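A look at the structure
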Amino acid sequence: MKFKIKHEIKGRIRVRAIVKHMTVKEADLLEYALSNKEGITSVRVNERTADVVLCYKTDRATVLSYLRKCHIEEIEAPESYLAHSGRALNNEYWDKLVNKVFLYGANKIFLPNPIRECITLTKSVKYLWNGVRTLASRKIEVPVLDATAIGVSIARNNMNTAGSIMFLLGIGEILEEWTHKKSVDDLARSMSLNVGKVWLCQGEQDVLVSTSDVREGDLVRVHMGNIIPFDGTVVSGEAMVNQASLTGESIPVQKNAEGIVYAGTVLEEGELVIRVDQTNGSSRYEKIVTMIEESEKLKTSMESKASHLADKLVPYTLLGTGLTYALTRNATKALSVLMVDFSCALKLAMPISVLSAIREASLYNVTVKGGKYLEAVAEADTIVFDKTGTLTKAKPTVVDVVSFNGESTDELLRIAACLEEHFPHSMAKAVVDAATQKNLEHEEMHSKVEYIVAHGIASTINEKRAVIGSAHFVFEDENCVISEGEQAKFDALPKEYSHLYLAIEGKLAAVICIEDPLREEASAVVQSLKRAGLSKVVMMTGDSERTAA
């Protein structure tokens, strides 16, 4: 992409793309591509000026190389990202706002008075009819107030005032609708799953297709390290799936044929072919949007009170108008009382504030199902925490290495890291990280590594068979044994940790104890919640009582 640097400071640069015209889709594609580059912290693209603002924490040369290599016509992005980027929505309502202001000003300047009055009368019909209809249903609410203000102005032949009232009401309607749609759209987008392409199984070959082309019942292959794009059933393959995004559980779950997998979870090891159970209307994004739309029906009592209060204020406003006229005999002063009514602001402010609060919570990874639940939290005195991934980091860490063959724990950890470094499993990463922290070099000293999904690793070190993995794999599949005199030490292994077993030549060599460490901020959060009035804090876990303690 050709561009010109317009402004830059340390960590931020603004460039202008040299293009004839940039469409909304092109701006979205460019923003998507750049935001996924390493070292880029934020991207903002203005399609009308073709300006790109980048904030970065890498070096300047890298950022410029990203821009040079970025060719918009070659960029691919998920359809869900393009469809719900919010850019088109903002442009639509901005144009509506500008057009309304421009037309109002142009009418005043260029149209003769009789034509302006005809336009004002025509526009007033909608507001007057709403007021009459509300009165007919025996209610004195906001539409009655609007209709009264417009009707009185027209009756006094003050068309400019009537026109101004309708202009301001129109501006308010646009802003209300814009804010509402943008809040819902932003919230849903911040929680959506963006997967653009998947491998569709067609006979003996796999074809890369768009997620929008996948139908219920299709077979999709998911490779190691990828996000599972749909809810489905495993047809073939064996894998370890990280479901932390749904359950918070740090340890990956084994998935075999007939197992159920969920969109948004990550396949850490192995490979799966899944039969898609749900696509159109059931995608994670669409469910989230539906949830948000439903949540708006779950209004808080404050929203209902504000709505009722706004309507209850109308009779007092009308009474104030009548009293003002009775005391001053000045219709202009009486009419001004109608102009400073606060009921519309009350009706608009409450739902928007609730939506904004829900969206703000989503930025901190807190999902709120509806306004009434926000209000319920204020009255709560008990909070229940999940343990894994909530109070703990959901990031396995090596706590201890227990030797069973007389070798040093550092040497055994070095051997384990040498075997585990080939695989991206979270437990394997914990072992490799522990060896790195101790500066233990683990150059290749084994033959070809044999990997058994969801069980462990087998190889040969110095012509001796070495295996590492679960108790089932080491003791049952590989028939390894515990050296004589070591059973008591084995039985005394701390139960609160997960165990990884290393055996050499059929004998247990070491047990690596792994824990899910407590979050540093957990204690402070619990204390602050207690200070906020939550008197009882409960932790729920499927682990042993010892681990929980």
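Owing to the predicted nature of the structure, the values given are computational and were not obtained by experimental measurement. (Residues numbered from 1 in each chain as written. Predicted model: local features only at pLDDT ≥ 70, side-chain atom pairs only at ≥ 80, totals over all residues. Heavy atoms only, no water.)

Brief notes about the overall build of the protein chain
When helices and strands are tallied, the protein chain shows 20 helices and 19 strands. Restricting to contacts in the protein chain with at least 6 residues of sequence separation, those with at least 24 account for 66%. Accessible surface, the protein chain as shown: approximately 30500 Å² in total, 54% of it carbon and sulfur. (Helix = DSSP H or I, 4+ residues; strand = E, 2+ residues; numbered from the N terminus. Contact = heavy atoms within 4.5 Å. Areas by Shrake-Rupley, 256 points an atom, 1.4 Å probe, with all protein chains shown as cover.)

With respect to the packing of aromatic side chains
Given two aromatic rings, their pairing is described by the distance between the two centres and the angle made by the two planes. In the structure shown here, the tally under the stated rule is 6 aromatic pairs. On the numbers, 6.3 Å between centres and 15 degrees between planes, the contact of Y93 with W178 is stacked. Residue Y93 is located in helix 4 (residues 87–110), and its partner W178 is located in helix 7 (residues 159–191); the two are separated by 85 residues in the primary sequence. Between the aromatic rings of F475 and F490, the centroid separation amounts to 5.8 Å while the plane-to-plane angle is 85 degrees, which identifies the pairing as edge-to-face. Of this pair, F475 sits in helix 17 (residues 471–477) while F490 sits in helix 18 (residues 487–491); the two residues are 15 residues apart in sequence, bridging distant segments of the chain. Look at F475 and you get partly exposed, because its relative accessible area is 21%. Given a relative accessible area of 18%, F490 falls into the buried group. (Phe/Tyr/Trp six-rings, centres within 6.5 Å; stacked < 30°, edge-to-face > 60°. Buried < 20%, exposed > 50% of the residue type's maximum accessible area, 1.4 Å probe, protein only.)

Examining the side chain of R87
Looking at the element boundaries, R87 is found in helix 4. At a separation of 3.0 Å, a polar atom in the side chain of R87 contacts the side chain of E47. Excluding residues that lie within four positions of it along the chain, R87 makes contacts with V24, A27, D28, E31, V45, N46 and E47. (Polar contact = N/O pair within 3.5 Å; in protein donor to acceptor, adjacent residues only side chain to side chain.)

Observations concerning the pairing of strand 8 (residues 232–242)
Relative to strand 10 (residues 260–261), strand 8 runs antiparallel, the two sharing 2 bridges. By the bridge assignment for strand 10, G232 is matched with V261. Bridge count for strand 8 against strand 11 (residues 266–276) is 10 bridges, and the pairing is antiparallel. When the sheet's bridge partners are listed, G232 is paired in strand 11 with V276. (Pairing = 2+ DSSP bridges.)

Some words on the sheet that holds strand 15 (residues 456–461)
In space, the 6 strands of this open sheet follow the order 13-18-17-16-15-14, with antiparallel pairing throughout. With partners counted over all chains shown, the strands left at the sheet margins are strand 13 (397–403) and strand 14 (450–452), one partner each. Strand-to-strand twist of the sheet, defined as the mean angle between neighbouring strand axes without regard to direction, takes the value 20 degrees. Alignment of strand 15 against strand 16 (residues 464–469), held across 6 bridges, turns out to be antiparallel. Of the residues in strand 16, the one forming a bridge with T460 is R465. In this fold helix 16 (residues 426–437) packs onto strand 13, strand 17 (498–504) and strand 18 (507–515), with an angle of close to 75 degrees to the strand it touches most, strand 13. (Axes fitted to C-alpha atoms, helices over the stretch in contact; angles between N-to-C directions.)

Describing a nonpolar patch on the surface
Together, Y316, L319, L323 and L327 make up an exposed nonpolar region whose accessible area comes to about 510 Å². Positionally, L327 belongs in helix 10 (residues 301–328). We classify L327 as exposed; its relative accessible area is 75%. (Patch = residues over 30% accessible without salt bridge, like charges linked within 9 Å, V, L, I, M, F, W, Y side chains within 5 Å. Salt bridge = Lys/Arg side-chain N within 4 Å of Asp/Glu carboxyl O.)

Observations regarding the nonpolar core
The biggest cluster of nonpolar side chains holds 29 residues, and the ones touching the most others in it are M22, L30, L34, V52, L54 and L67. Of all elements in the fold, only strand 2 (12–17), helix 1 (24–35), strand 3 (40–46), strand 4 (51–56), helix 2 (60–69) and helix 3 (79–83) reach the threshold of two or more residues within this core. In this structure L67 touches M1, F3, V15, L34 and L54, once residues within four positions along its chain are discounted. Counting residues in hydrophobic clusters, the runner-up holds 27 residues, among them L419, M427, I461 and A466. (Core = buried A, V, L, I, M, F, W, Y, C linked by side-chain atoms within 4.5 Å.)

A look at the pattern of salt bridges
Close approach of charged atoms lets side chains of opposite charge pair. Within this structure, the stated rule accounts for 18 salt bridges. The closest approach of N and O atoms between K489 and E486, which form a salt bridge, is 3.4 Å. Take K489: its relative accessible area is 37%, and that puts it in the partly exposed class. E521 is the partner of R519 in a salt bridge, and the nearest nitrogen-oxygen pair spans 3.5 Å. Several salt bridges converge on common partners, so that one network encompasses D28, E31, E47 and R87.

Observations concerning the packing of helix 15 (residues 409–420) against helix 16
Contact pair helix 15 / helix 16: the axes reach a minimum separation of 9 Å and the direction vectors enclose 130 degrees. Judged on the interaxial angle alone, helix 16 and helix 15 are oblique. Seen from above, helix 15 lies across helix 16 with left-handed handedness. Only A428, V431, V432, A434 and A435 of helix 16 make contact with helix 15, whose side of the interface consists of L413, A416, A417 and E420. (Parallel < 35°, antiparallel > 145°, perpendicular 65-115°, else oblique. Left-handed = near helix turned anticlockwise from the far one by under 90°.)

Re the sheet that holds strand 2
Across the sheet, which stays open at both edges, the 4 strands sit in the order 1-2-4-3 with antiparallel pairing between neighbours. Of all strands in the sheet, those bounded by a partner on one side alone are strand 1 (3–9) and strand 3. When strand polarity is set aside, the average angle formed by the axes of neighbouring strands in this sheet is 20 degrees. As judged from the 6 bridges shared by strand 1 and strand 2, these two strands associate in the antiparallel manner. Among the inter-strand pairings, I5 is bridged to a residue of strand 2, identified as V15. Taken strand by strand, helix 1 contacts strand 3 and strand 4, and its axis lies near 170 degrees from that of strand 3.

A short note on the environment of I514
Counting through the fold element by element, I514 comes out in strand 18. For the pair I514 and P396, spaced 118 residues apart in sequence, the C-alpha to C-alpha distance is 6.2 Å. Apart from the residues lying within four places of it in its own chain, the contact partners of I514 are P396, T397, V398, V399, M427, Y497, S498 and L500.

Remarks on unusual backbone geometry
A positive phi angle is found at N157, which is not glycine, with a value near 60 degrees. Locating N157 in the fold gives a position in the loop between helix 6 (142–155) and helix 7. The exposure class of N157 is exposed, given its relative accessible area of 54%. A positive phi angle is found at N479, which is not glycine, with a value near 55 degrees.

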